[in-house]
Amino acid sequence: MLRRTGPSSILIIGAAYLTLTACATPRMHNQEELNSASLSCGLTYGELIQDEEAKKLLILFREKPGAAERACVYQWAKKRHLKLVVIDAIKFPEGQ
């Protein structure tokens, strides 16, 4: 026989859920950590950026990154509760 869930049980489950999701907030990673992740994914120094104003975003700044590089960085970002943004079409003005 199924039991009905009371309001107190729902509140306890809701509070536990909010507590667990609060632990998943992203933090700022220092340049050493980002460079280490870059190198382990086959990138070079400075191609992974995390903006201080948008801590949740991890920016991959490389022209035409390969599928393996994207997947590696995506997995790294996912484990750290970050959202990957790929900038793969870089055009610089000529003459500069």
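Read on for a plain summary of the structure. Because the structure is predicted, anything quoted here is derived from the model rather than measured.

So, the sheet that holds strand S1 (residues 48-50)
- Overall, mixed pairing links the three strands, which are arranged S1-S2-S3 in an open sheet. The sheet is open, and its two edges are formed by S1 and strand S3 (83-87), each paired on a single side. In this sheet, neighbouring strand axes are inclined to one another by 25° on average, regardless of whether the strands run parallel or antiparallel.
- Bridging between S1 and strand S2 (residues 57-61) involves three bridges; their strand directions are antiparallel. What sits directly across from leucine 48, in S2, is leucine 60.
- Seen against the sheet, helix H2 (residues 31-40) touches S1 and S2 and runs at an angle of roughly 145° to S1.

Regarding the nonpolar core
- Ranked by size, the top nonpolar core spans 11 residues in total: Leu34, Ala37, Cys41, Leu43, Leu48, Leu58, Leu60, Val73, Trp76, Ala77 and Leu82.
- Put simply, the parts of the chain that give this core at least two residues each are H2, S2 and helix H3 (67-79).
- Here this core gets three residues from one element, more than from any other, and that element is H3.
- Apart from residues lying up to four places away in sequence, leucine 48 is in contact with Gln31, Leu34, Ala37, Ser38, Leu43, Leu58, Ile59, Leu60 and Val73.

Describing H2
- Three or more residues of H2 are buried, namely Leu34, Asn35, Ala37 and Ser38. The buried residues of H2 occupy an angular sector of 160° when the element is viewed end-on, so they sit on one face. For H2, the exposed residues set more than 90 degrees away from the buried face come down to Glu32 and Ser40.
- The inward-facing, buried residues of H2 contact S1, S2 and H3.
- Sitting at the amino-terminal end of H2 is asparagine 30, which places a side-chain oxygen 3.2 Å from the backbone nitrogen of glutamate 32.
- Of the residues trailing H2, glycine 42 is marked for its positive phi of about 85°.

So, the pattern of salt bridges
- What the rule picks out here adds up to three salt bridges.
- Between arginine 27 and glutamate 33 there is a salt bridge, with the nearest N and O atoms lying 2.6 Å from each other.
- Each of Glu47, Arg62 and Glu69 takes part in a single network of salt bridges with overlapping partners.

So, the pairing of S2
- Once S1 ends, the chain turns through six residues before running back antiparallel as S2.
- Note that S2 and S3 share five bridges and pair parallel. Bridged to phenylalanine 61 within S3 is isoleucine 87.
- Note on the crossover from S2 through H3 to S3: the handedness is right-handed.

Cut-offs used in this document
- Residues numbered from 1 in each chain as written.
- Predicted model: local features only at pLDDT ≥ 70, side-chain atom pairs only at ≥ 80, totals over all residues.
- Heavy atoms only, no water.
- Pairing = 2+ DSSP bridges.
- Helix = DSSP H or I, 4+ residues; strand = E, 2+ residues; numbered from the N terminus.
- Axes fitted to C-alpha atoms, helices over the stretch in contact; angles between N-to-C directions.
- Contact = heavy atoms within 4.5 Å.
- Core = buried A, V, L, I, M, F, W, Y, C linked by side-chain atoms within 4.5 Å.
- Buried < 20%, exposed > 50% of the residue type's maximum accessible area, 1.4 Å probe, protein only.
- Arc of directions from axis to C-beta.
- Polar contact = N/O pair within 3.5 Å; in protein donor to acceptor, adjacent residues only side chain to side chain.
- Salt bridge = Lys/Arg side-chain N within 4 Å of Asp/Glu carboxyl O.
- Right-handed = clockwise from strand over helix to strand, strands pointing away.

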